[in-house]
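# A structural walkthrough
So the chains spell out like this:
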Amino acid sequence: MKVLLLGSGGREHALALKISQSAHHPELFIAPGNAGTGLCGTNVEMDPTNFWEVKKFCLEKRVDMVVVGPEEPLVRGIYDFMTDDPGLSHIAVIGPSRMAAQLEGSKAFAKEFMLRNGIPTAGYREFSLANYEEGLSYIRSLPTPIVLKADGLAAGKGVIIAQSHVEAMAEYEMMLQRSKFGEASRKIVIEEFLTGTELSVFVLTDGKDYLLLPEAKDYKRVGEGDKGLNTGGMGAVSPVPFADATFMEKVRTRVIEPTISGIRDEGLVYKGFVFFGLIKVNDDPFVIEYNCRMGDPETEVVIPRLKNDIIDLFLAVDAGRLSGIVMETDPRAATTVMAVSQGYPGHYDKGLQIDGLEEMNEEGVHVFHAGTMIQNGKVLTNGGRVLAVTSFGSSIAQAVSTSVKVLGKIYYPGITYRKDIGYEFS
Ligand code: AMP
Ligand code: GLY
């Protein structure tokens, strides 16, 4: 069996490792991959949003399954491109259809879907230049802070939390009248700010049934104590101690099940991961956002905790027979600590040599590569987020201390990481 995995981050390295461990012994290709995925299979220089190139590769190599890591190819419709083509329709594509990927690709689509299906989320309204003045009145009517969201994909930057009405109106004007996020902010969603603690919940679905994966919490701020700028994620923990059985039952009945039945009843084709960005307000879950893929760095703790053969799961998703499968998970705590480039999430240099990786064979530790590349046999930095060091432990604190200890043996100029991931749980 031949599998093509699209993407190049820590998420893809974690998925690549898991796929490479399958009893199906798949031949794995990763496009474009990184220095770490190259240890699990063959990296292929290819842009995952260039569908014609993907098609050519799949035909040339006789690929049986395509697993899509990031959102962009999904939102652009890679699922439909592959499955609508008679020459490619035998290939299993793990991901949602273009229409279903709108759950991530359009905030307005996601909010309307939640409203139709009775899924708890913040109160909101949609605005564009056509109803610009009404937006100003809506902003005035809300208490602060006020949340403004560009409708479309904006490379993770399209959400503004305005602390005052004046700031909200200024952002509103910049988004709608001055195209702050280009095409993505032609339409925007304005919503109420919810106060609570966030967590990420994941399911794998075939569009009818679903399997619940371990939940996770990610740490988005660059600095310790959750200070400083927002990033793609500086670390993650799983399980999440406050996501106890009572809370998860509410998540299941109020959020996951209405979402999956909404997908089914509305005829959305969905064969992949659903990421629920949740917030716990008092003791109740609300949906902040949907993503149509796994999270990064959450994948680096969720997938190592998964005991099932991931290819078995993907084959069941493709065949629409998830209902009989039982998820098995490692009960231990898993944490990941992300090593980033100096200056991230602002300007940073690339191409710096990473040393100390060869000694990393500790039991219960995975050094996942995120932004790395290989040149003349040397591993170099190639992005803001460089490595995600995942460890298991009997507690979150113990697992984090192992990750931090391992990172102490790795070096590149300006290596930066948070030592306090999971701090509120120790
Ligand atoms: P992003 O990951 O860029 O979509 O950022 C979204 C982040 O904005 C979430 O992780 C929340 O921290 C925050 N956020 C979004 N919507 C709300 C809301 N209605 N109330 C409170 N925080 C929100
Ligand atoms: N960790 C958040 C995300 O992947 O969007």
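Above this note sits the structure.
Residues numbered from 1 in each chain as written. Chains lettered and ligands numbered in written order. Predicted model: local features only at pLDDT ≥ 70, side-chain atom pairs only at ≥ 80, totals over all residues. Heavy atoms only, no water.

### Quick notes on the overall build of the protein chain
Each helix and strand counted, the protein chain has 12 helices and 22 strands in total. The average position of the 43 basic charges and that of the 55 acidic charges among the side chains of the protein chain differ by 1 Å. (Helix = DSSP H or I, 4+ residues; strand = E, 2+ residues; numbered from the N terminus. Lys, Arg positive; Asp, Glu negative; His and termini not counted. Charge placed at Lys NZ, Arg CZ, Asp CG, Glu CD.)

### Overview of the packing of aromatic side chains
Following the criterion strictly, the structure yields 13 aromatic pairs and no others. Centroid distance Phe 29 to Phe 57: 5.1 Å. Interplanar angle 80 degrees. Geometry classified as edge-to-face. You can see Phe 29 sitting in strand β2 (residues 27–32) and its partner Phe 57 sitting in helix α2 (residues 51–61), a full 28 residues away along the chain. Judged by its relative accessible area of 4%, Phe 29 falls in the buried class. With a centroid separation of 6.0 Å and 80 degrees between ring planes, the pair formed by Phe 113 and Tyr 290 is classed as edge-to-face. Taken together, the positions of Phe 113 in helix α6 (residues 107–116) and Tyr 290 in strand β17 (residues 284–291) put the pair 177 residues apart, joining distant regions of the chain. Here Tyr 290 falls in the buried class, since its relative accessible area comes to 2%. Ring pairs connect the aromatic residues Phe 127, Tyr 132, Tyr 138 and Tyr 172, which therefore count as one cluster. Arg 125 extends its terminal NZ or CZ atom over the ring of Tyr 138, reaching a point 5.6 Å from the ring centre. (Phe/Tyr/Trp six-rings, centres within 6.5 Å; stacked < 30°, edge-to-face > 60°. Buried < 20%, exposed > 50% of the residue type's maximum accessible area, 1.4 Å probe, protein only. Lys NZ or Arg CZ within 6 Å of the ring centre and 35° of its normal.)

### Brief notes about the site of ligand 1
Glu 191, Glu 192, Leu 194, Glu 198 and Glu 289 are the nearest of the 14 residues found near ligand 1. For ligand 1, an oxygen atom lies 2.5 Å from a polar atom in the side chain of Glu 198. At a separation of 3.1 Å, an oxygen atom of ligand 1 approaches a polar side-chain atom of Lys 220. Starting from 480 Å² of accessible surface for ligand 1 in isolation, the protein chains cover 86%. (Near = heavy atom within 4 Å. Polar contact = N/O pair within 3.5 Å; in protein donor to acceptor, adjacent residues only side chain to side chain. Areas by Shrake-Rupley, 256 points an atom, 1.4 Å probe, with all protein chains shown as cover.)

### Brief notes about helix α11 (residues 310–319)
If you check which residues of α11 are buried, you get Ile 310, Ile 311, Leu 313, Phe 314, Ala 316 and Val 317. The backbone nitrogen of Ile 311 lies 3.0 Å from a side-chain oxygen of the residue at the head of α11, namely Asp 309. Just beyond α11, the residue with positive phi is Gly 320, at close to 70 degrees.

### Remarks on the sheet that holds strand β8 (residues 159–162)
Taken in spatial order, the 4 strands of this open sheet run β6-β9-β7-β8, and their pairing is antiparallel. The two strands at the open ends of the sheet, each matched to only one other strand, are β6 (124–128) and β8. Here the average twist between neighbouring strands, direction ignored, is 25 degrees. When strand β7 (residues 146–150) meets β8, the two strands line up antiparallel, connected through 4 bridges. Each residue of the ladder has a partner; that of Leu 148, found in β8, is Ile 160. (Pairing = 2+ DSSP bridges. Axes fitted to C-alpha atoms, helices over the stretch in contact; angles between N-to-C directions.)

### Observations concerning the nonpolar core
One finds Leu 4, Cys 58, Val 66, Met 82, Phe 276 and Tyr 290 to be the most contacted residues of the largest nonpolar core, which totals 52 residues. Examining the composition of this core, we find that 7 residues originate from one element, helix α9 (residues 245–265), more than from any other. Residues in contact with Phe 276, not counting those within four places in the same chain, are Leu 199, Ser 200, Val 201, Val 203, Val 255, Ile 256, Thr 259, Glu 289 and Tyr 290. By size, the runner-up hydrophobic cluster in this structure holds 35 residues, among which are Val 67, Leu 213, Ile 311 and Leu 313. (Core = buried A, V, L, I, M, F, W, Y, C linked by side-chain atoms within 4.5 Å. Contact = heavy atoms within 4.5 Å.)

### A word on the sheet that holds strand β19 (residues 365–369)
Read from one edge to the other, the open sheet built from 5 strands follows the order β12-β15-β18-β22-β19, with strand pairing classed as antiparallel. Where the open sheet ends on each side, the last strands, each with one partner, are β12 (217–218) and β19.

### Focus on the site of ligand 2
Surrounding ligand 2, one finds Asp 218, Gly 232, Phe 275, Arg 293, Gly 295, Asp 296, Pro 297 and Glu 298. Between ligand 2 and Arg 293, the relevant distance is 3.0 Å, taken from an oxygen atom to a side-chain nitrogen or oxygen of the residue. Within the contact set of ligand 2, a nitrogen atom lies 2.7 Å away from a side-chain nitrogen or oxygen of Glu 298. Compared with its free state, where it exposes 200 Å², ligand 2 has 86% of that area covered by protein. Tallied by class, residues from the shell around ligand 2 come to 2 nonpolar, 2 polar and 4 charged. (Nonpolar A, V, L, I, M, F, W, Y, C, P; charged D, E, K, R; others polar.)

### Points about unusual backbone geometry
Of the consecutive residues Ala 31 and Pro 32, the connecting peptide bond is found in the cis state with omega at -5 degrees. By the element assignment, Pro 32 lies in strand β2. With an omega of 20 degrees, the peptide bond running from Asp 296 to Pro 297 counts as cis. Position of Pro 297 relative to the elements: it lies in the loop between β17 and α10 (299–305). Despite not being glycine, Ser 179 shows a phi value in the positive range, around 45 degrees.

### Observations concerning the environment of Phe 127
Considering the arrangement of structural elements, one finds Phe 127 in strand β6. The spacing of Phe 127 and Ser 8 is 119 residues in sequence and 35 Å in space, taken between C-alpha atoms. If we ignore the near neighbours within four places in the chain, the residues touching Phe 127 are Glu 134, Gly 135, Tyr 138, Tyr 172, Leu 176, Arg 186, Lys 187, Ile 188 and Ile 190.

### Brief notes about the state of the cysteines
Under the definition given, this model contains 0 disulfides. Just so you know, Cys 292 is unpaired, no disulfide at all, and the nearest cysteine sulfur is the one on Cys 58, 19 Å from it. Judged by its relative accessible area of 2%, Cys 292 falls in the buried class. (Disulfide = S-S within 2.5 Å.)

### A look at the pattern of salt bridges
Within this structure, the stated rule accounts for 25 salt bridges. Here Lys 111 ties to Glu 191 by a salt bridge, and the two come within 2.7 Å at their closest N and O atoms. Residue Lys 111 is found in helix α6, and its partner Glu 191 is found in strand β9 (residues 187–192); the two are separated by 80 residues along the sequence. One salt bridge in this structure joins Glu 266 and Arg 116, with 2.7 Å as the shortest N-O distance. With a gap of 150 residues between them, Glu 266 in the loop between α9 and β16 (270–281) and Arg 116 in helix α6 connect regions that are remote in the sequence. Residue Arg 116 is classed as partly exposed on the basis of its relative accessible area, which comes to 49%. (Salt bridge = Lys/Arg side-chain N within 4 Å of Asp/Glu carboxyl O.)

Honestly, that's just the spatial picture; any functional story needs more than this.
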